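Now for the letters of each chain:
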Amino acid sequence: MKPVLKACLVAALALLPATPALAAPLAATPEVRLPHISIVTIGTGSPVILIPGLASPRAVWDGVAPALAAKHRVILVQVNGFGGDDPGANLQPGVLDGIVADLDGYIAAEKLQKALVVGHSMGGLVGLMLAKAHPSDLSRLMIVDSLPFFAVIMAPPGVDPTPAMVAPYAAKMRDGIVASYGKPLSDEMVAAQTRGLALKPGSVVTMSAWAKAADPRVTGEAMYEDLTTDLRPSLATIATPITMLYPWNAATLPKAKADAFYRKQYAAAAHIAFADIAESAHMVMLDQPDAFKAAVLAFVEAK
């Protein structure tokens, strides 16, 4: 394997969001199944849409969804093929565009007014895509540890990557993940997928259990599309107000470094505010559930 490709693979696996099984029991409406996503809702009131990340189920929101449901209609999204369910239309290319189309259709059908959207990781990118393509669908967007172009984390120092540059490596990574379909994940493979994503041992245990439920065919294609989607040129045109919530920790990503990195990636955004959560990694909702819940509630209740 070429050194650059190997470095890219290691970097991507280190950030690969894990794969949960089934959402914790909630007083939810019957599941609405769409081609690319499924939706359940809890609570009543103004709508809040929660979109999980790559290979993550709606269970990733269990720590905050019940509190939101006290005042809001909480719309819990799950990408088909994650969480152990049927992949549906996600066995074909166009997963991210399909998710956006399904969300737009659901918002229109349900006549949702001024929805708030919270997206983690790949879900944050989907939120940006929704704001770009259908700005009237949402009033505000919270992005949780996501980038407008994920591939920047894989580029050598001083290199500004483009989707064309990244695509060959992303395709090899996709094909390698897809090839694991039908094969049980070893502890080593699970560890590779979850390494660096969380700080607390309990968080890693949860992620490891989740990681065995995702369909690698969907994970591989969604990762490829995430890596080759560059929304940096569109940031200035997105009128939706954005809150960017990011993690930092003293051991691997000090606050000053995290501040500089995330602010640089979103420097072109027209309307953006930043918030951070200390001593957490990518799966911030697992590492610091109380702080994460407080941050989401503050975003939702802001006027």
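Residues numbered from 1 in each chain as written. Predicted model: local features only at pLDDT ≥ 70, side-chain atom pairs only at ≥ 80, totals over all residues. Heavy atoms only, no water.

A.B. asks: Account for the pattern of salt bridges, with residues named and values stated.
C.D. replies: In the structure shown here, the tally under the stated rule is 10 salt bridges. Across the salt bridge formed by R33 and D85, the nearest N and O atoms sit 3.5 Å from each other. Taken together, the residues R33 in strand β1 (residues 32-33) and D85 in the loop between β4 (72-79) and α3 (95-109) connect sequence positions 52 residues apart. Residue D259 pairs with K255 through a salt bridge whose shortest N-O separation is 3.0 Å. A residue pair is termed a helical-turn pair when its members lie 3 or 4 positions apart in one helix, as D259 and K255 do in helix α9 (residues 255-265) at 4 residues. Given a relative accessible area of 17%, D259 falls into the buried group. Judged by its relative accessible area of 33%, K255 falls in the partly exposed class. Members of the salt-bridge network, linked through shared partners, are R33, D85 and D86. (Salt bridge = Lys/Arg side-chain N within 4 Å of Asp/Glu carboxyl O. Helix = DSSP H or I, 4+ residues; strand = E, 2+ residues; numbered from the N terminus. Buried < 20%, exposed > 50% of the residue type's maximum accessible area, 1.4 Å probe, protein only.)

A.B. asks: Got a sec to walk through the packing of α3 against helix α4 (residues 122-133)? Specific residues and values, please.
C.D. replies: Where α3 meets α4, the closest approach of the two axes is 10 Å, and the angle between their N-to-C directions is 60°. Judged by the angle between their axes, α3 and α4 are oblique. At the point where α3 passes α4, the crossing takes the right-handed sense. Two secondary-structure elements touch here, α3 through L96, D97, I99, V100, L103, D104 and I107 and α4 through M122, L125, V126, M129 and L130. (Axes fitted to C-alpha atoms, helices over the stretch in contact; angles between N-to-C directions. Parallel < 35°, antiparallel > 145°, perpendicular 65-115°, else oblique. Left-handed = near helix turned anticlockwise from the far one by under 90°. Contact = heavy atoms within 4.5 Å.)

A.B. asks: Describe unusual backbone geometry, and please don't skip the residues or the numbers.
C.D. replies: If a residue is not glycine, its phi is most likely negative; likewise, a peptide bond is most likely trans. A positive phi angle, near 55°, is found at K111, a position not held by glycine. Mapping K111 onto the fold places it in the loop between α3 and β5 (115-120). Residue class for K111 comes out exposed when judged on its relative accessible area of 65%. Despite not being glycine, S121 shows a phi value in the positive range, around 55°. Within the element layout of this structure, S121 appears in the loop between β5 and α4. A relative accessible area of 9% means that S121 is categorised as buried.

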